[in-house]
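A structural walkthrough
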Amino acid sequence: MSRLIWPALFVLAAVVPFLHPSGYLLDVGVNIMMWAVLAYGLNVMLGYTGLLPLAHAGFFGIGAYTTGILTLKAGWSFWLAWPAGIALAALAGLLLGLVAFRTRGDAFSIFTLGVGVIITLVINKWDALTGGNDGLNGIAPPAGLEEASRAIGLKLSGGFYLLALLTLALTVLIVARARASSFGLSLLAIRGGEDLARSAGVNVYTHKLRAMMLSTALAGLAGGLYATYVGFLGSAVTGPTTTFTVLLYLLVGGLGTLAGPLLGTALIYSLTQTLKGLQDYQYIVFGPLLVLLVMYAPHGLAGLWTRLRANRPARAAKTKEVSGA
Amino acid sequence: MLDVENLGIRFGGLHAVRDVTATVPAGQITAIIGPNGAGKSTFFNLISGFYRPTTGTVRFQGEDLTRRPTHEVVARGVARTFQTTTIYRELSVLENAMIGHRVRTRAGLLDALLRTPRERQDARGSRDGALRALERVGLVRQAHLPAGALTQEGQKRVGIAMALASEPKLLLLDEPAAGMNPEETVNLMALIRELVAGGLTVALVEHKMSLVMGLADHILVLHHGQLIAQGTPAQVSRDPAVIEAYLGSHAHGGQMGQGAQGGEAAHA
Ligand SMILES: Nc1ncnc2c1ncn2[C@@H]1O[C@H](COP(=O)(O)OP(=O)(O)O)[C@@H](O)[C@H]1O
Ligand SMILES: [Mg+2]
């Protein structure tokens, strides 16, 4: 039954652009799906492996800028530049991991935060390549997307929406497969206790490196999509503010769950859009909301959902559900 | 089977293990005893590659394992359990054992993403290997329970199953009977005997002298990190240096004497 929920959800979501929704609604949809992909990437590290890297938006930036630069300055097709950006983000993740995994715990988070800041600085200062403060302007939509959209009776915005949906579906599939494998179980072992995992025979270092590469590849995936969708890149979006925003999505949605990253991003992104008029006062709403969440749903929305479901038929099922989440 | 030579490690000024040369013979039960803080757990940590020795070598089946990372030592066939019950309490019993079996599977991230034949084969192998280990410790029926829901004794068995799932030739048990009542201890002894009868070599650290004297073929005595005696239970319990070490420290003297009698009776 629950195996069908995801496919059903994606099919339903795919129908939306054919119902002539407003451009605003489609835009919100694309943004939620794009940021959710980034949250899924962070979830691989924080949710499954138990490590908090704080350079995530930096890898998003590497994916975005690689895509932007290759299409704008080297004349590459988006369909080649995008995978190149993903590969480069994964490679950068590997390089960071080789150094950062010599540290543990808080030191790891702080080290990666520093690297994140450096990535943003490099993007900001390397004028010749990245456009520096002015950013990159006029990144084109993917070749053929507009024509393909028209062919099925949609506008370009509808095409972008479907592209984002496919990207999200691919992401969920990838993360679900990784999680269900013995590779994924080894990540949970590392999360549960690095020393124990090591003693049990898990090669902790290589598993961490692979997890990091998957995590940053997903960040690059989201980044490339962002570049072509927004059409403009500035260095600010690659900075710690974005990392912490995505971290908030993830925490709200539920760490280490398959639904959490999407749920959290959908809720908080929509809320931010709704409360935009309040400007800085929106934090008067956000602050208490977070406090309530920590108090009543420490495992996020996804954890709340499993608990409610477990409570209905039999309380006994509860422990099993939570451990399986 | 396992030979250590001049093995030692220092923590700052403290020689936790010092110049230990000893052998763990294949197919037998070797007990490592000694007062608290004697360096027994540290000795295991050195063998399993968990700590890097400052001096000496560790050879297993003729191969030098000194300074190898732990997962390679496990891959060669040396598995261990911890003194305090250390398992994944929030994961299922089966998943705990599957983690122990990970060292026998090769499928990586790409295999998982592409669902390669190797991934499918490893997934099956991992389940089967884990179930075999659970069968050996009698936990098949609890396979799908969260490990944390088991009794203290059950959790100890999960720890042993996790080690067994790596298909070891040598099993290191650090105080396996700690916190067990007499009946559970007897069951544990039966389990260890069964494992050895099945061809496994066991080395264990234990405080319960009845268990040591009744079970061990061979005993190593550590004191202040040094090997002060080794031999059969009968030999060791008569050794003046051992008696001195135990009388010199608290409480264990009485247990030692009692256990020795029990041990000799069992051997007669
Ligand atoms: N990682 C470590 N760092 C510093 N000291 C340690 C460490 N591990 C063990 N020791 C010290 O080494 C000595 C032997 O400890 P241990 O091997 O645990 O003793 P036993 O298991 O025989 O009771 C103790 O004094 C202990 O404090
Ligand atoms: Mg000890």
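Residues numbered from 1 in each chain as written. Chains lettered and ligands numbered in written order. Predicted model: local features only at pLDDT ≥ 70, side-chain atom pairs only at ≥ 80, totals over all residues. Heavy atoms only, no water.

1. Some words on the side chain of Asn43 of chain A
Cut-off, in case you're wondering: Secondary structure elements follow DSSP: runs of H or I of four or more residues count as helices, runs of E of two or more count as strands, with numbering from the N terminus. Residues are treated as being in contact if the distance between any of their heavy atoms lies within 4.5 Å.
If you trace the backbone, Asn43 of chain A turns up in helix α2 (residues 23–49). Contact partners of Asn43 of chain A, with chain neighbours within four places excluded, come to Tyr48, Leu250, Leu255, Gly256, Thr257 and Pro261 of chain A.

2. Let's talk about the packing of α2 of chain A against helix α8 (residues 156–180) of chain A
Residue and element names in this part refer to chain A. Put simply, the rule is: Only the stretch in contact is used when a helix axis is fitted, and all axes are lines through C-alpha atoms; the angle between N-to-C directions ranges over 0 to 180 degrees. In these notes the angle categories are as follows: under 35 degrees is roughly parallel, over 145 is roughly antiparallel, 65 to 115 is roughly perpendicular, and the rest is oblique. Crossings are sorted by hand: turned counterclockwise from the far helix by less than a right angle, the near helix makes the crossing left-handed, and turned clockwise it makes it right-handed. Charged means Asp, Glu, Lys or Arg here, nonpolar means Ala, Val, Leu, Ile, Met, Phe, Trp, Tyr, Cys or Pro, and polar covers whatever is left, Gly included.
One way to put it is that α2 packs onto α8 with a least axis distance of 8 Å and a crossing angle of 15 degrees. By the angle between their axes, α2 is roughly parallel relative to α8. Relative to α8, the crossing made by α2 is left-handed. Together, Leu26, Gly29, Val30, Met33, Ala36, Val37, Tyr40, Val44 and Tyr48 of α2 and Ser157, Gly158, Phe160, Tyr161, Ala164, Leu165, Thr167, Leu168, Thr171, Val172, Val175 and Arg179 of α8 make up the contact between the two elements. The residue inventory of the contact of α2 with α8, partitioned by class, reads 15 nonpolar, five polar and one charged.

3. So, the coordination of the magnesium ion (ligand 2)
Residue and element names in this part refer to chain B. Here is the rule we go by: Counted as donors are N, O and S atoms no farther than 2.8 Å from the metal, or 3.2 Å for Na, K and Ca; water is not among the atoms, and sites may therefore look incomplete. Throughout, exposure labels follow a simple rule: accessible area from a 1.4 Å probe, protein chains only, divided by the maximum for the residue type, with under 20% read as buried, over 50% as exposed, and the rest as partly exposed.
Taken together, Ser41 (OG) and Gln83 (OE1) make up the full set of protein donors to the magnesium ion (ligand 2), lying 2.1 to 2.3 Å away. Of this pair, Ser41 sits in helix α1 (residues 40–47) while Gln83 sits in the loop between β6 (78–80) and α3 (93–101), and the two are 42 residues apart along the sequence. Since its relative accessible area comes to 21%, Ser41 is described here as partly exposed.

4. Description of the interface of chain A and chain B
Test applied: Defined in terms of a 1.4 Å probe, buried area is the accessible area two parts forfeit on being brought together, summed over both. Definition used for salt bridges: Asp or Glu carboxyl oxygen within 4 Å of a side-chain nitrogen of Lys or Arg. As used in this structure description, the phrase polar contact means that two N or O atoms lie within 3.5 Å; if the pair is within protein, one of them must be able to donate a hydrogen and the other to accept it, and residues adjacent in sequence are counted only when both atoms belong to side chains.
Across the contact, 28 residues belong to chain A and 29 residues belong to chain B. Between chain A and chain B lies a buried interface of about 2,500 Å² when both sides are counted; carbon and sulfur atoms form 65% of it. Broken down residue by residue, the surface that chain A buries against chain B is led by Arg177, Leu185 and Leu196 of chain A, which jointly contribute 25%. Linking chain A to chain B there are zero salt bridges. Scanning the region where chain A abuts chain B turns up eight residue pairs in polar contact (both at pLDDT 80 or more).

5. Section: the domain arrangement of chain B
Residue and element names in this part refer to chain B. The condition that has to hold: Where each domain starts and ends follows an automatic or database-derived domain assignment.
Along its sequence, chain B is carved into domain 1 (2–77 + 168–267) and domain 2 (90–166). Here the C-alpha centroids of domain 1 and domain 2 sit 27 Å apart. Listed per partner, the contact involves 18 residues of domain 1 and eleven residues of domain 2. Both sides of the domain 1 and domain 2 interface together cover about 1,200 Å² of buried area, and 66% of this is carbon and sulfur. Ranking the residues of domain 1 by area buried against domain 2 places Pro168, Leu191 and Leu195 at the top, with a combined share of 33%. Viewed at the interface, domain 2 and domain 1 are joined by zero salt bridges. If you look at where domain 1 meets domain 2, you find three residue pairs in polar contact (both at pLDDT 80 or more). Counting residues per element, the ones that place at least two in the side of domain 1 that touches domain 2 are α2 (70–76), β7 (170–174) and α7 (182–197). Broken down by element, the residue count for the side of domain 1 that touches domain 2 peaks at six residues, all from α7. Tallied by class, the residues present in the side of domain 1 that touches domain 2 amount to twelve nonpolar, three polar and three charged.

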